[in-house]
Amino acid sequence: MIKYFGTPHIETDRLILEKFQLNDAQKVFDHWLSDERIADNRINAAHKIISETIERVNKIVTGYESEEFCYWAIKLKDSGELIGEIDLYDFDEMTESCEVSYSLGYEWWNRGYGTEALRAIVEFGFRHMNLHKISAAHNTDNPASRRLMSKAGMEQEGIIRDMVRNSKRLYKDCAVYGILQEEYNNKNFGVQILKLIL
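Everything numeric in this text was worked out from a predicted model, so none of it was measured.

J.: What's the story with helix 3 (residues 50-63) in this structure? I'm lost.
T.: With 14 residues, helix 3 should cover 20 Å at 1.5 Å per step; its first-to-last C-alpha distance of 20 Å lies within 8% of that length. Every buried residue of helix 3 is listed here: T53, V57, I60 and G63. The arc enclosing the buried residues of helix 3, seen along the axis, measures out at 115°, which places them on a common side. Opposite the packed face of helix 3, turned more than 90 degrees from it, sit the exposed residues E55 and K59. Residues of helix 3 that are buried sit in contact with helix 1 (25-33) and strand 3 (70-76).

J.: Explanation requested: unusual backbone geometry in the structure shown.
T.: In terms of backbone geometry, most residues other than glycine have negative phi values and most peptide bonds are trans. The phi torsion at D162 lies on the positive side, around 45°, for a residue other than glycine. Within the fold, D162 resides in strand 7 (residues 155-165). On the accessibility criterion, D162 (46% relative accessible area) is partly exposed. Of note, R169 is a non-glycine position whose phi angle comes to about 65°, a positive value. Tracing the backbone through its elements, the reader meets R169 in the loop between strand 7 and strand 8 (171-180).

J.: I would appreciate a short explanation of the pairing of strand 2 (residues 15-18) in the present structure.
T.: For a regular strand, side-chain orientation follows a simple rule: the groups alternate between the two sheet faces. Two strands pair when backbone bridges link them, and strand 1 (residues 9-11) and strand 2 are joined in this way by two bridges, in the antiparallel orientation. Bridging from a neighbouring strand, I10 pairs with L17 of strand 2. Taken together, strand 1 and the strand that follows it, strand 2, pair antiparallel across an intervening segment of three residues. Pairing between strand 2 and strand 3: four bridges, direction antiparallel.

Rules used throughout
Residues numbered from 1 in each chain as written. Predicted model: local features only at pLDDT ≥ 70, side-chain atom pairs only at ≥ 80, totals over all residues. Heavy atoms only, no water. Helix = DSSP H or I, 4+ residues; strand = E, 2+ residues; numbered from the N terminus. Expected span 1.5 Å × (residues − 1). Buried < 20%, exposed > 50% of the residue type's maximum accessible area, 1.4 Å probe, protein only. Arc of directions from axis to C-beta. Contact = heavy atoms within 4.5 Å. Pairing = 2+ DSSP bridges.

Structure (structure tokens):
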């Protein structure tokens, strides 16, 4: 059975993963949601005006009322800078599985932050939520996300043609990845989470 804890405070070596606040909207807009380079790998279009982002952050903050809502802001531990987001979603009670997605501001790409955040959330999902499987998908023309998923221990399970259509109405093939709790335990990544406040 899946155990839900909502969105707890998590700390890793370099990151803090915590709930979004309403006053995060400007940085969410500036750091990734208004960036076309990031929108290319998302279904929704880049935000053009801050009110779009305020509405989205409001929806996230309201979601925290449910223990089944797992949506973290990714912040740098040394500066508190908001650099991205990561969430667990589409929980399936029958298979005790879910999906994970993430976005990171372009300025912080290729520094290992995405891998560090994903490994922490995978650890949380398996060790605390009792998940059996965590899945993810990335556009096949996004090799950076492929490397990130692989570094977190996920294995490619296949490619789904035209799985998504982005905001530019272009169909994208997606590579589907997954990791089982048993595989995670056998890969011995060690402890990623240095502090957890449930």
